[in-house]
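Secondary and tertiary structure notes
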Amino acid sequence: MEISVLAVVLLALTLLFAIGMPIFMSLAIASAAALIHGGYLPMSVIHNTIFDGLNIFPLLAIPCFVIAGTLMEHGNITGQIVNVVKQLVGRTYGGLGITAILACTFFAAISGSGPGTVAAVGTILVPAMLRSGYSREYAASVTSSGGTIGLLIPPSNPMIIYAILSNVSVTAMFTAGFLPGFIVAFSMCLTAWLLARRNGFGINEDTPKFNLLHFLRSCRKSFFALATPFVILGSIYTGFATPVEASVLAIAYALFVGFVINRALTLTAVYKSLLEGALISGAVLLIVGTSSLFGRILTLEEAPQRLASLVLGISSDPFMILLMIVAVLIVLGMFMETISTIIILVPVLMPIINMVGIDPIHFGIVLVLTNQIALSTPPLGVNLFVASRIGSVSVERLSVAVIPYLVALFACVLLIAYFPSISTWLPTWLLGYGL
């Protein structure tokens, strides 16, 4: 019995994943095996398709936002943001934990990276929580969970990738992320407060009482740091800059504030930022290029149509289909990196989404939000490893400590999946999306 090309590519990919082959190599080898077995396309299609997959202008925003976020971390912008937020909630139960989540929400509007947000905020607040009597598990888990908001609050690197693959506006995706992002941030803060209240964390903090005059002085002193998200996102929404141009503006603004205003930035930090941007963008581009080849083979073999008929044979209800996709994403997220999951699945799932009438913006938000759960689930939860290192707590203990936050995140997924207007109202109101 002759094996189909689709069976060859899926079997090869599964085997390569199982033996621990890197994602980009797995995609490239499986695609090459399918081409050799099928024999209906020349091997030259490999480099042509990979080049076409990389020749996408919006991808330039990813390394620039990463570099900007690292520059702002070294330029003391993150520290100033934390100081201001701490004055607002520092004396409540779990005040420093809530500060970590709010600071992650604010910093996410700068870096666009979940693990980068955990590192930037965690290095400041985890030691402060430990000095104030918080447990290591609480300090590390609240920081790891707060860092997941970086996927949803714009600018978000996964949102940029999704927008490119699904052929929707990057600006519309950014706009759609605000309301869900704040809902998630509120649920995280509520969870942190409940856990701290149960364990008595934070009530005896040495944080001084809120003083309006002192708060306003801190805001004035940290004006340029607090203005950062408004400068970056405001340039996009006013039409002054595209997302790619705004990412370059973010670097210029970070250099200006770090060198001229705060005088905390060094040439060594600039070099580290450029190196980190190059490493992250290189890893992303390798996956994007090889996934373009993989996606082309799946399209030729009509894999999306076959999957659509299979799914629609189970249910045609949009909410039920979203729940099935969410279940698959949660399982895959335990073993695959977020951007890899999006790159591989979006070309396959979009025909189903369009067929049942699910708004692509709404689906993108549900997709990104579900991947937030993956950032804090072992064995591949990147945020867990970063927070574990900062808090000096084992990944096993930390994996248990984040469960309440994962429950809160899953509740947010269900809420936003069931009410599409949460995702689509703001793009419709501000940008006229869908009108």
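Residues numbered from 1 in each chain as written. Predicted model: local features only at pLDDT ≥ 70, side-chain atom pairs only at ≥ 80, totals over all residues. Heavy atoms only, no water.

Examining the nonpolar core
Ranked by size, the top nonpolar core spans 137 residues in total, and within it Met129, Tyr138, Tyr162 and Phe363 carry the most contacts. Here this core takes 12 residues from helix H19 (residues 338–356), the largest share from any one element. Here Phe363 is in contact with Tyr162, Leu322, Ile325, Leu349, Met350, Ile353 and Ile358, once residues within four sequence places are set aside. (Core = buried A, V, L, I, M, F, W, Y, C linked by side-chain atoms within 4.5 Å. Buried < 20%, exposed > 50% of the residue type's maximum accessible area, 1.4 Å probe, protein only. Helix = DSSP H or I, 4+ residues; strand = E, 2+ residues; numbered from the N terminus. Contact = heavy atoms within 4.5 Å.)

A look at helix H15 (residues 243–261)
Helical geometry: 3.6 residues make up each α-helical turn, so side chains three or four residues apart lie on a common side. Between its first and last C-alpha, H15 extends 25 Å over 19 residues, near the 27 Å set by a 1.5 Å rise per residue. Taken together, the buried positions of H15 are occupied by Pro243, Val244, Ala246, Ser247, Ala250, Ile251, Tyr253, Ala254, Val257 and Gly258. Phi for Arg263, located one or two positions after H15, is positive at around 55°. (Expected span 1.5 Å × (residues − 1).)

Topic: the side chain of Ser218
Take Ser218: it is sitting in helix H12 (residues 212–221). By relative accessible area, which is 7% here, Ser218 ends up buried. For Ser218, the contacting residues outside a window of four places in its chain are Asn83, Val84 and Gln87.

Focus: a nonpolar patch on the surface
Residues Leu179, Trp425, Trp429, Leu430 and Leu431 make up a contiguous nonpolar surface patch of roughly 530 Å² in combined accessible area. For the nonpolar patch, the element with the most residues is helix H24 (residues 421–431), which contributes 4 residues. In this fold, Leu431 is placed in helix H24. Residue class for Leu431 comes out partly exposed when judged on its relative accessible area of 40%. (Patch = residues over 30% accessible without salt bridge, like charges linked within 9 Å, V, L, I, M, F, W, Y side chains within 5 Å. Areas by Shrake-Rupley, 256 points an atom, 1.4 Å probe, with all protein chains shown as cover. Salt bridge = Lys/Arg side-chain N within 4 Å of Asp/Glu carboxyl O.)

Thoughts on the state of the cysteines
This model, assessed by the stated rule, comprises 0 disulfides. For Cys219, which is in no disulfide, the shortest distance to another cysteine sulfur is to Cys189 and amounts to 18 Å. (Disulfide = S-S within 2.5 Å.)

Concerning the side chain of Ser26
Topologically, Ser26 is positioned in helix H2 (residues 23–38). Given the relative accessible area of 0%, Ser26 is considered buried. Here the side chain of Ser26 touches Met21 through a polar contact of 3.3 Å, landing on its backbone oxygen. Look past the residues within four positions of Ser26 in its chain and what remains in contact with it is Leu13, Leu16, Phe17 and Met21. (Polar contact = N/O pair within 3.5 Å; in protein donor to acceptor, adjacent residues only side chain to side chain.)

As for the packing of aromatic side chains
Centre distance and the angle of the planes are the two values used to describe a pair of aromatic rings. In the structure shown here, the tally under the stated rule is 8 aromatic pairs. Ring plane angle 85° and centroid distance 5.1 Å describe the contact between Tyr418 and Phe419, whose orientation is recorded as edge-to-face. Judged by its relative accessible area of 41%, Phe419 falls in the partly exposed class. Judged by centre distance (5.4 Å) and plane angle (5°), the ring pair of Trp425 and Trp429 falls under stacked. One end of the pair, Trp425, and the other, Trp429, are both in helix H24, 4 residues apart, so they sit about a helical turn from each other. The class for Trp429 is exposed, based on a relative accessible area of 58%. Aromatic rings pair up to connect Phe223, Phe224 and Phe256 into one cluster. (Phe/Tyr/Trp six-rings, centres within 6.5 Å; stacked < 30°, edge-to-face > 60°.)

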